[in-house]
Amino acid sequence: MTPIRTSPVRNSRWLVPAAPALWLGLFFLVPFAIVARIALSDAATARPPYRPVLDVSEGWQGVLAFLSGLDLENFATLAADPLYLDALVTSLWVAGLSTLIMLATGYPMALAMARAPHRWRPLLLALVILPFWTSFLIRIYAWIGILKPEGLLNAALIGAGVISEPLQIINTPVAVLIGIAYAYLPFMVLPLYAALDRMGDRFDGMDIRFDGIETRMADGFATVGAGMAQIVTLLEGLDDRDR
């Protein structure tokens, strides 16, 4: 009986997901574990400035002593202080709402890109990535120039006769939502576009009625892409709101 030979290409397929998994492990999970370890520790005037400290030279006894010294005292302090609770609730509200705004604007953009002729898709993809070529700080300052009382938006609305006095948009929650939604919209569009593009011509599996403003995503690719995009933008929104 001839033994079955596996293709070297098939054996090396695990290398494809291994690279991003290693990247996430080093630059996301490891820093997250460090922050979680500090959060469960107690402040101390020492180096490092927290206790307990893991002593690997003592073997399992050192590990058990380290684990027994961790506690939830810091979280109890946060829960007892209304200042921290208000900051947490506000951060979650802003990040969640900005994520919904990005989904509402990013999904039609990604769908239009996926349904565009193939010769136009590289150009449309470049236009989505183009803002990353400019400094994040410069782009946010540009929005300050647009939203301030004497900015371009108020000037256009007054010139069109829509309003008689400038709107106070800058330094408000609305301005924060606009800034976050604009800054991280590509992170919503790109995963959605990748998922929809993989579907190819299988848009028959999606029941889309633009006149009824009702979109039902019946394909798993679109659902997974939307989920990943929302996770990324929600984390980015939380990070920006806490700055």
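As the structure is a computational prediction, the values presented were derived from the model and not from experiment.

Draft legend 1. Structural view of the overall build of the protein chain. A count of helical and extended segments in the protein chain gives 10 helices and four strands. Of the regular secondary structure in the protein chain, the N- to C-terminal order runs α-α-β-β-α-α-α-α-α-α-α-β-β-α. Across the 243 residues of the protein chain, 23% fall into the buried class. In the protein chain, once contacts between residues fewer than 6 apart in sequence are set aside, the share between residues at least 24 apart is 60%.

Draft legend 2. Local environment of the environment of Thr 233. Structurally, the position occupied by Thr 233 is in helix H10 (residues 220-241). Among all residues touching Thr 233, those that are not within four sequence positions of it are Thr 99, Met 102, Tyr 184, Phe 187 and Met 188.

Draft legend 3. Focus on unusual backbone geometry. Each neighbour pair has its own omega, and for Arg 51 with Pro 52 the value is 5 degrees, a cis peptide bond. Checked against the element boundaries, Pro 52 lands in the loop between strand S2 (50-51) and helix H3 (60-69). In this structure, Asn 171 takes a positive phi of about 60 degrees despite not being glycine. Structurally, Asn 171 can be placed in the loop between helix H8 (152-159) and helix H9 (173-198). A residue is classified by how much of its surface remains accessible, and Asn 171, at 74% relative accessible area, is exposed.

Draft legend 4. Region of the structure containing the nonpolar core. One finds Met 102, Ala 110, Val 189 and Leu 196 to be the most contacted residues of the largest nonpolar core, which totals 19 residues. Breaking this core down by element, the ones donating at least two residues are helix H5 (82-115) and H9. By residue number, the principal contributor to this core is H9, which donates 11 residues.

Draft legend 5. Representation of the confidence of the model for the protein chain. Here the protein chain shows a mean pLDDT of 79. Residues at 70 or above account for 77%. Overall, residues 203-219 carries pLDDT values under 50, and its contacts beyond four positions in sequence, including any with other chains, amount to 26 contacts.

Definitions and cut-offs
Per chain, residue numbering runs from 1 following the sequence as it is written. Local features in this predicted model are restricted to residues whose pLDDT is 70 or higher, and side-chain atom pairs enter the listing and the counts only when it is 80 or higher, whereas totals over whole chains, interfaces and linings include all residues. Side-chain measures were taken over the full set of non-hydrogen atoms in the model, leaving aside hydrogen atoms and water. Labels follow the DSSP assignment, with helices taken as runs of H or I lasting at least four residues and strands as runs of E lasting at least two, numbered in each case from the N terminus. Burial status follows relative accessibility: with a 1.4 Å probe on protein chains alone, a residue under 20% of its type maximum counts as buried, one over 50% as exposed, and anything between as partly exposed. Two residues form a contact once any of their heavy atoms are found within 4.5 Å. For our purposes a nonpolar core is just a set of buried Ala, Val, Leu, Ile, Met, Phe, Trp, Tyr and Cys residues, chained together by side-chain atoms within 4.5 Å. Note: pLDDT gives the predictor's confidence per residue, expressed from 0 to 100.

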